[in-house]
Amino acid sequence: MAAVSELEKARRIVVKVGSALLVGEAGADARWLAAFAADVARLRARGQQVLVVSSGAVALGRRRLDLRKRALTLPEKQAAAAAGQSLLMRAWEEAFEPHGIACAQVLMTRDDTEVRRRWLNARATVETLLSLGVIPVVNENDTVVTEEIRYGDNDRLAARIAQLAGADALVLLSDVDGLYTADPRRDPTAEHLPRIGRLTAEIEAMAGGANAAAGVGTGGMATKLAAARIASAAGCATIITLGHRPDPLWAVEHGAKATVIEPSTTPAAAYKAWIAGSLAPAGSLVVDDGAAAAVRRGKSLLAAGVRRIEGRFDKGDAVVIRDEAGREIARGLVRYEAEDAVRICGLKSEAIEAVLGYTSGPLVHADDLALAQHAVGA
């Protein structure tokens, strides 16, 4: 069973939960949330980390502000989101509390996953929450977002969070149990597709027409496949399955229908490739022989091994790491802006805070380094 394997072997899982699952006529659906929280607690008990991407703030806020009978203007939608966020988080907190699990609200805009500095900060926050045993509950920041900086739907947001977090599996809970060759509600010969190795134009065409109506909120099946394409390129498998049951993750593990879209790489390889080939370097760090050897062995670049700084860059920018002969060793995301990097050049790690008043660790962390091809195995 494809979905069973992907879910059971995943170290880190992002689950997208839509408004139709969370919100009923009377407000948040406490019964569904309680059962889902128990489902997530089961995964955590066996050592898996879970992030939740949750819709629902606008829907809950509409009820609180009595704005349910008409389409909302953008300012009204933002007001509804502001009024509904506290209700949404209260519902999640009450669901997880019986399991002794804390959750934390993380509000995002598209810039948070597309501007490198903000991406780095958002990733650090998510990593810290997970290391503390907290479940991040992520939502688009509808109180401030405009159409120009929207993700557009929470399927796409969930894929970007999976990419940012280096997740192994993305679960999109839908109102159908996966992708079919045609709309199963209209065509009795429609065949369910349990596994998709590569998203081709033919496969994506199956999400058009009536299939596009699948899903909830602003995300239909077409947006789910668009999200799956993002996740696949980031090394993350996508599972599309029915959410309208109290324990959708348990159901998948016990053979319930789902569609799995395979990743095209691994999360680590995708991230390294992005650093190596997709970012224009903003500067260079010239390092001594000891630091060059350490970087080639996959170690972080410490300030103590840096001889000089070239160029102007901000925290999170891509930089080239060169040896003293000028040869490129690696590229990476720097954790200090250029002016601060100059001030700590050659210093031991324990001396950095006294000079800057803060420390962000190594100049370039090993996780954020991609070796030049000629340096691999050197």
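In this text, all values refer to a predicted model and were calculated from it rather than measured experimentally.

*Asks:* Explanation requested: helix H8 (residues 154-165) in the structure shown.
*Replies:* Between its first and last C-alpha, H8 extends 16 Å over 12 residues, near the 16 Å set by a 1.5 Å rise per residue. Taking burial as the measure, the 12 residues of H8 include 9 buried ones, the bulk of the element. For H8, every residue scored as buried is listed here: Asn 154, Asp 155, Leu 157, Ala 158, Ala 159, Ile 161, Ala 162, Leu 164 and Ala 165. Phi turns positive, to about 65 degrees, at Gly 166, one or two residues after H8.

*Asks:* I keep staring at the pattern of salt bridges and nothing clicks. Help me out?
*Replies:* As a working rule, side chains carrying opposite charge can pair if their charged atoms are close by. Summed over all chains, the structure comprises 18 salt bridges. Residues Glu 6 and Lys 9 are paired through a salt bridge, measuring 3.7 Å at the closest nitrogen-oxygen approach. Of the two residues, Glu 6 and Lys 9 are both situated in helix H1 (residues 2-9); the distance of 3 residues between them amounts to about one turn of the helix. On the basis of relative accessible area, Glu 6 is assigned to the buried category, the value being 7%. Overall, Lys 9 belongs to the exposed group, its relative accessible area being 58%. Residue Arg 327 pairs with Asp 323 through a salt bridge whose shortest N-O separation is 2.8 Å. The buried category is assigned to Asp 323, whose relative accessible area is 4%. Through salt bridges with shared partners, a single network forms among Glu 6, Lys 9, Arg 195 and Glu 262.

*Asks:* I would appreciate a short explanation of the packing of helix H4 (residues 57-65) against helix H5 (residues 74-96) in the present structure.
*Replies:* Helix packing for two helices is described by the angle between their axes and how far apart those axes are. Two elements in contact, H4 and H5, have axes whose closest approach is 6 Å; the angle formed by their N-to-C orientations is 105 degrees. Classified by the angle their axes make, H4 and H5 are roughly perpendicular. Taking contact as the criterion, the partners of Ala 57, Val 58, Leu 60, Gly 61, Arg 62, Arg 64 and Leu 65 in H4 are, on H5, Lys 77, Ala 79, Ala 80, Ala 81, Ala 83, Gly 84, Gln 85, Ser 86, Leu 87, Leu 88 and Arg 90. In terms of residue class, the contact of H4 with H5 is built from 10 nonpolar, 4 polar and 4 charged.

*Asks:* What's the story with the sheet that holds strand E8 (residues 195-196) in this structure? I'm lost.
*Replies:* The strands that make up a sheet pair up through hydrogen bonds in the backbone, lying either parallel or antiparallel. Judged by pairing direction, the sheet is mixed, and its 8 strands sit side by side in the order E5-E6-E4-E1-E7-E11-E12-E8 without closing on themselves. The sheet terminates laterally at strand E5 (103-108) and E8, the two strands that pair on one side only. In terms of strand pairing, strand E1 (residues 12-17) meets strand E4 (residues 49-54) through 6 bridges, oriented parallel. Bridge pairing in E4 links Ile 13 to Val 50.

Thresholds applied
- Residues numbered from 1 in each chain as written.
- Predicted model: local features only at pLDDT ≥ 70, side-chain atom pairs only at ≥ 80, totals over all residues.
- Heavy atoms only, no water.
- Helix = DSSP H or I, 4+ residues; strand = E, 2+ residues; numbered from the N terminus.
- Expected span 1.5 Å × (residues − 1).
- Buried < 20%, exposed > 50% of the residue type's maximum accessible area, 1.4 Å probe, protein only.
- Salt bridge = Lys/Arg side-chain N within 4 Å of Asp/Glu carboxyl O.
- Axes fitted to C-alpha atoms, helices over the stretch in contact; angles between N-to-C directions.
- Parallel < 35°, antiparallel > 145°, perpendicular 65-115°, else oblique.
- Contact = heavy atoms within 4.5 Å.
- Nonpolar A, V, L, I, M, F, W, Y, C, P; charged D, E, K, R; others polar.
- Pairing = 2+ DSSP bridges.

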